[in-house]
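# Structural description and commentary
Each chain, written out:
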Amino acid sequence: VSKYEAVLASDPRACLLVSVEGIVQSANAAARHILPTIEQGSNLISQSASPDDVSAYLRLCARTRGPIPGKIGLNAEDGLTSLWICHGGLVDHASSYNALIVLRLQDTKFGKAAFEKLNQKINALNSEIAWKSRAELASAHLAAIVATSTDAIYSKDLNKTVTSWNLGAERMFGYSAKEIIGKSVLCLIPAEKLDEEKMILERLIAGESLKSVETLRQTREGCLLEVSITPSAIRDRSGRTIGFSQIVRDITARKNNERSLVAAHSTFEKLINNSPFGIFAVDADFRITLVSAGAHKAFANVHPLIGRDLAEALRIIWPEPEASEFIGHFRETLETGHTYHSPNTVLSRRDTAELEAYDWKVERLTLPDGRLGIVCHYYDLSERQLLEAALRESEKRFRGTFENASVGIAHVGLQGEWLDFNDRLCELLGYSRTELLDRSLKCLQHPDDQAASAELLGQLLAGKLPHFQCEERYFRKDGSIVWVGVSVGLQSGNESDFSFLIYVVRDITSLKAAQDHQTFLMGELAHRSKNQLAVINAMARQTARNASSLDDFSVLFERRLKGLAVSIDLLVTGKWSGVGLGELIDRQLEPFKGDQGRLRCEGPVVLLNNTAAEAIGLALHELATNCLKYGAWSVPAGIVEVTWNFETANDTPVLRLNWVERGGPHVSKPTHRGFGHNVIEKLVAQKLNAKVDLAYLSDGVTWTLLLPSNQLIT
Amino acid sequence: MLLSGQHILILEDEILIAMDLADIVRDAGAESVVSATTARAALQHIAEDSITSAILDVNLGEELSLAVALKLKEMKIPFIYHTGRTDILADAAWPEAPVVTKPALETSLTEILFAATSA
């Protein structure tokens, strides 16, 4: 066998070495290639399609030298039988049973290669059938789509006659297929679009393919529809245009949507752009798209602004780390939809270094482009804060003025109700705050002053006076009277504000007393200045009438003048508010009394008013003059007793003043009533409305004065 | 004598001056002199006595002598004002009469009163 194997291996043809029983002894590479099922030990007979024929052929070959042609059909794994032409010949016949036969195999038209070709053809046919059935299905689908489409689909021939009309077209235009097929399409086209239609058809005929066109069509009822038409030409096999198809879509709703969208967009833009507040919108790409008029101030240093990245813009305006913090809030809102609100951000800007305050809010919303975006709206609180600070400062100053003023201040409503008053007013009226709240200013007013102040108040409220001042008396809590100077002003408010009165009240009790005193002094001065000279004039003339000589006149007049001066001295010392009787006696009698003990004075402390002091002073002077000249003091032993005390005469208290001379020479009533006598008797009685009794007793003159108590100061 | 036959009323609240005036008019020949310190007393004298002329102080301390001046004018009794307060007389209410300012010279007082009585 191995001897033949080498021969077989060098043969390019497929060669098998088999025994006469059909057992394969060896197969060369070519044979193994074309018959993969054949290997050493395989039984060629049992694998053949007709084992008897193969067995007979092999036996024939074993008996014959030289190649014998024959045919062998072999069963293959795929179930097909391959038919081989073979030339077999005996190569060794050591024994007739063990004879080795070489078979050289040759493919036939029913061989494997031929089968493969056949198979390819069948496959091609199968796929053509499959494609054709799919195409049929697709065509059916298409027909169904066309039939049921909501779009109107129709075709027309070159004469513009409708050749097909789907359900969509029926619905859209109101014509049934039956009605319109065979009729002209021109009824669908409004007059103003006929030229356009003509142009479209011309272009289609020229072979152009057109995209959809937005135009107008009209329905059976004559309603105009906004439509999008997709026209195309229908051609035959030779490429000749035989008609046109049109797909018509009603876009009225879409157009309306578009229009309202455009309107909405422009409203949105207008709203933002014209807002006096700060508003800006940022799109999904974090770019500033809209900025309100009111927001331009904040972004004054960002150029360009529209389309700018918000983060960039914020970093121009604000310092770090706050800028990043703000950007974070904006991004978070854009991503999550959570609204962010900062009621009071106060920060120095990076670009202007100015301190600004904002109340700002970031919200997410769908922008007109249909994408999410954010809108930030804010109030610039900076100016408001400045104003508020100024207001606070002003209020503080006002409050300080109100509370620390040295005068009482009150705000009083038009009905007299308290609105506010300061502590000084409480002190002034002697009430605590709570007590004063329970009382009106008017009820504390002295009844005699109420009419006058009510009159002024009426004029103020009637607008006849801008304000007024008056001096009034109020009762303090302890019942005492306080004189106050009141200035009243009206704060008139408009509708939104209210009107009230402003009282400024100052204590003028001491001022009033000083004024009274001054008025009194002025009166005294006027009285004296007009009369004093006349009095002195009269005194001089009276003295002259009774004087025996010029020297006598000089002495008497000088003394009288001095006596008058003493009284005036005492009045000045007492500040024109009374003179003590004891003091008056001392001073008037000082020049006359001589030795100690010649004058005895006794009486309680009594304060005379100015008139009494002056008149009594003159009388004492004249009494002393006469006493020295003719009475007790004209002799060494004589004394004068001056005593005074209170008593009651006719139920009225009077002051009794006694001048009693003792130890003097005998006196008698003078025959001539001179100046001195007039003063002692008449002047005092008349001036002081007093009772005077002058008696010339044996041991001296007595002079008694009963002085009404109204001449005294208590 | 300038004031012969005159019955003179002196209205003066300052008694020393009244005394002096009385002496002056007496020295000038006055027939009689009455003094009053209040307007009421003066009016009483005018009503009861036969006054032919008068010297009036204007300011009587607690009152003015206007009522007396008006009464004298009504009765056509000549009079003069003797006062230091000529300012008060500026008021038109006061009847016109010669004014002698305090303090006055004896002669001017008698002469002016005389002129008033002779008019």
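A brief structural summary. Because the structure is a prediction, the values reported are computed rather than measured.

### Focus: the overall build of chain A
The helix and strand tally for chain A stands at 19 helices and 27 strands. Looking at chain A as a whole, 39% of its 714 residues are labelled buried. At a minimum sequence separation of 6, the contacts of chain A that also span at least 24 residues come to 48%.

### Some details on the overall build of chain B
Check the secondary structure of chain B and you find five helices and five strands. Each helix (α) and strand (β) of chain B, taken in turn from the N terminus, gives the series β-α-β-α-β-α-β-α-β-α. Taking all 119 residues of chain B together, 50% fall into the buried category. In chain B, the proportion of contacts linking residues at least 24 apart, taken out of those at least 6 apart, comes to 67%. By element, 52% of the accessible surface of chain B is carried by carbon and sulfur atoms, the whole surface being about 5,400 Å².

### Let's talk about the packing of helix 19 (residues 675-688) of chain A against helix 1 (residues 15-27) of chain B
It is at 10 Å that the axes of helix 19 of chain A and helix 1 of chain B come closest, and there the two elements cross at 130°. When the axis of helix 19 of chain A is compared with that of helix 1 of chain B, the two are oblique. Read as a crossing pair, helix 19 of chain A and helix 1 of chain B show a hand that is right-handed. Residue-level contacts link Phe 675, Asn 678, Val 679, Lys 682, Leu 683 and Gln 686 of chain A of helix 19 of chain A to Ile 15, Leu 16 and Met 19 of chain B of helix 1 of chain B. Split by residue class, the contact of helix 19 of chain A with helix 1 of chain B holds six nonpolar, two polar and one charged.

### Focus on the interface of chain B and chain A
How big an interface is tends to be stated in terms of accessible area lost as the parts join. On the chain A side, the residues contacting the 20 residues of chain B number 20 residues. At the boundary of chain B with chain A, total buried surface from both sides reaches about 1,800 Å², with 57% on carbon and sulfur atoms. Here Arg 545 of chain A makes a salt bridge to Asp 23 of chain B, at a shortest N to O gap of 3.4 Å. The dominant element in the side of chain B that touches chain A, judged by the number of residues it contributes, is helix 1 of chain B, at eight residues. Considered class by class, the residues forming the side of chain B that touches chain A number eight nonpolar, three polar and nine charged.

### Some remarks on the packing of aromatic side chains
Residues and elements named next belong to chain A. With the rule as written, the count across this model stands at 17 aromatic pairs over all chains. Judged by centre distance (5.3 Å) and plane angle (40°), the ring pair of Tyr 154 and Trp 165 falls under tilted. Taken together, the positions of Tyr 154 in strand 6 (residues 152-157) and Trp 165 in strand 7 (residues 162-165) put the pair eleven residues apart, joining distant regions of the chain. With respect to burial, Tyr 154 and Trp 165 carry one shared label: buried. With a centroid separation of 5.9 Å and an interplanar angle of 35°, the aromatic rings of Phe 280 and Phe 330 are classed as tilted. With Phe 280 in strand 11 (residues 278-282) and Phe 330 in helix 10 (residues 322-336), this residue pair connects regions lying 50 residues apart in the sequence. For the pair Phe 280 and Phe 330, one class covers both residues: buried. Linked through ring pairs, Phe 280, Phe 299, Trp 318, Phe 326, Phe 330, Tyr 340, Tyr 358, Trp 360 and Tyr 378 together constitute an aromatic cluster.

### Description of the nonpolar core
Residues and elements named next belong to chain A. Residues Leu 608, Ile 616, Trp 659 and Trp 703 are the most contacted members of the largest nonpolar core, which totals 76 residues. Of the residues forming this core, the biggest block, ten residues, is contributed by helix 18 (residues 610-629). In this structure, Ile 616 is in contact with Leu 584, Leu 608, Leu 657, Leu 688, Leu 705 and Leu 707, ignoring residues within four places of it in sequence. Listed in part, the 28 residues of the second largest apolar core include Val 282, Phe 299, Ala 311 and Phe 330.

### Quick notes on the side chain of Gln 445 of chain A
In this structure, Gln 445 of chain A sits in the loop between helix 13 (433-437) and helix 14 (447-461). A distance of 2.8 Å separates the side chain of Gln 445 of chain A from the side chain of Ser 453 of chain A, its partner in a polar contact.

### Looking at the sheet that holds strand 17 (residues 418-421) of chain A
Residues and elements named next belong to chain A. With antiparallel pairing, the five strands of this open sheet are ordered in space as 17-16-20-19-18. Either end of the sheet is taken by a strand with one partner, and the two such strands are strand 17 and strand 18 (467-475). Going across the sheet, the axis of each strand differs from the next one's by a mean of 25°, ignoring polarity. Relative to strand 19 (residues 481-491), strand 18 is paired through nine bridges, and the arrangement is antiparallel.

### Considering the pairing of strand 13 (residues 340-348) of chain A
All names here are of chain A. Both strand 13 and strand 14 (residues 355-366) contribute to a ladder of seven bridges, which runs antiparallel. Residue pairing across strands places His 341 opposite Lys 361, the latter belonging to strand 14. The antiparallel pairing of strand 13 with strand 14 creates a hairpin that spans six residues between the two strands, and Ala 353 there sits at a positive phi of about 65°.

### Let's talk about unusual backbone geometry
The omega torsion across His 303 of chain A and Pro 304 of chain A is -10°, close enough to zero to call that bond cis. Looking at the element boundaries, Pro 304 of chain A is found in the loop between strand 12 (288-291) and helix 9 (310-317). Look at the link from Lys 102 of chain B to Pro 103 of chain B: it is a cis peptide, with omega at -15°. Examined against the element boundaries, Pro 103 of chain B turns out to sit in the loop between strand 5 (99-101) and helix 5 (106-118). Not every positive phi belongs to a glycine, and Phe 286 of chain A is a case in point at roughly 70°.

### Overview of the sheet that holds strand 10 (residues 241-250) of chain A
Residue and element names in this part refer to chain A. Strand order in the open sheet formed by five strands is 7-6-10-9-8, with antiparallel pairing between adjacent strands. In the strand order of this sheet, the two ends are held by strand 7 and strand 8 (213-218), each with one partner. Strand-to-strand twist of the sheet, defined as the mean angle between neighbouring strand axes without regard to direction, takes the value 35°. Two strands pair when backbone bridges link them, and strand 6 and strand 7 are joined in this way by three bridges, in the antiparallel orientation. Paired with Lys 156 across the two strands is Val 162, which belongs to strand 7. Across the sheet, helix 7 (residues 194-205) lies against strand 6, strand 8, strand 9 (224-235) and strand 10, angled at about 25° from strand 9, the strand it touches most. Together, strand 8, strand 9 and strand 10 form the strand contacts of helix 8 (residues 252-274), whose direction differs from that of strand 9 by roughly 125°.

### Re the pattern of salt bridges
Residue and element names in this part refer to chain A. Within the structure shown, the criterion is met by 42 salt bridges over all chains. Note that Asp 11 is salt-bridged to Arg 13, the shortest N-O span being 3.3 Å. For Asp 11, a relative accessible area of 11% gives the class buried. Take Arg 13: its relative accessible area is 47%, and that puts it in the partly exposed class. Note that Lys 562 and Glu 558 form a salt bridge whose closest N and O atoms lie 3.7 Å from each other. With Lys 562 and Glu 558 both in helix 16 (residues 550-573), this residue pair falls four residues apart, about one helical turn.

Conventions and cut-offs
Residues numbered from 1 in each chain as written. Chains lettered and ligands numbered in written order. Predicted model: local features only at pLDDT ≥ 70, side-chain atom pairs only at ≥ 80, totals over all residues. Heavy atoms only, no water. Helix = DSSP H or I, 4+ residues; strand = E, 2+ residues; numbered from the N terminus. Buried < 20%, exposed > 50% of the residue type's maximum accessible area, 1.4 Å probe, protein only. Contact = heavy atoms within 4.5 Å. Areas by Shrake-Rupley, 256 points an atom, 1.4 Å probe, with all protein chains shown as cover. Axes fitted to C-alpha atoms, helices over the stretch in contact; angles between N-to-C directions. Parallel < 35°, antiparallel > 145°, perpendicular 65-115°, else oblique. Left-handed = near helix turned anticlockwise from the far one by under 90°. Nonpolar A, V, L, I, M, F, W, Y, C, P; charged D, E, K, R; others polar. Buried area = accessible area lost by both parts, 1.4 Å probe. Salt bridge = Lys/Arg side-chain N within 4 Å of Asp/Glu carboxyl O. Phe/Tyr/Trp six-rings, centres within 6.5 Å; stacked < 30°, edge-to-face > 60°. Core = buried A, V, L, I, M, F, W, Y, C linked by side-chain atoms within 4.5 Å. Polar contact = N/O pair within 3.5 Å; in protein donor to acceptor, adjacent residues only side chain to side chain. Pairing = 2+ DSSP bridges.

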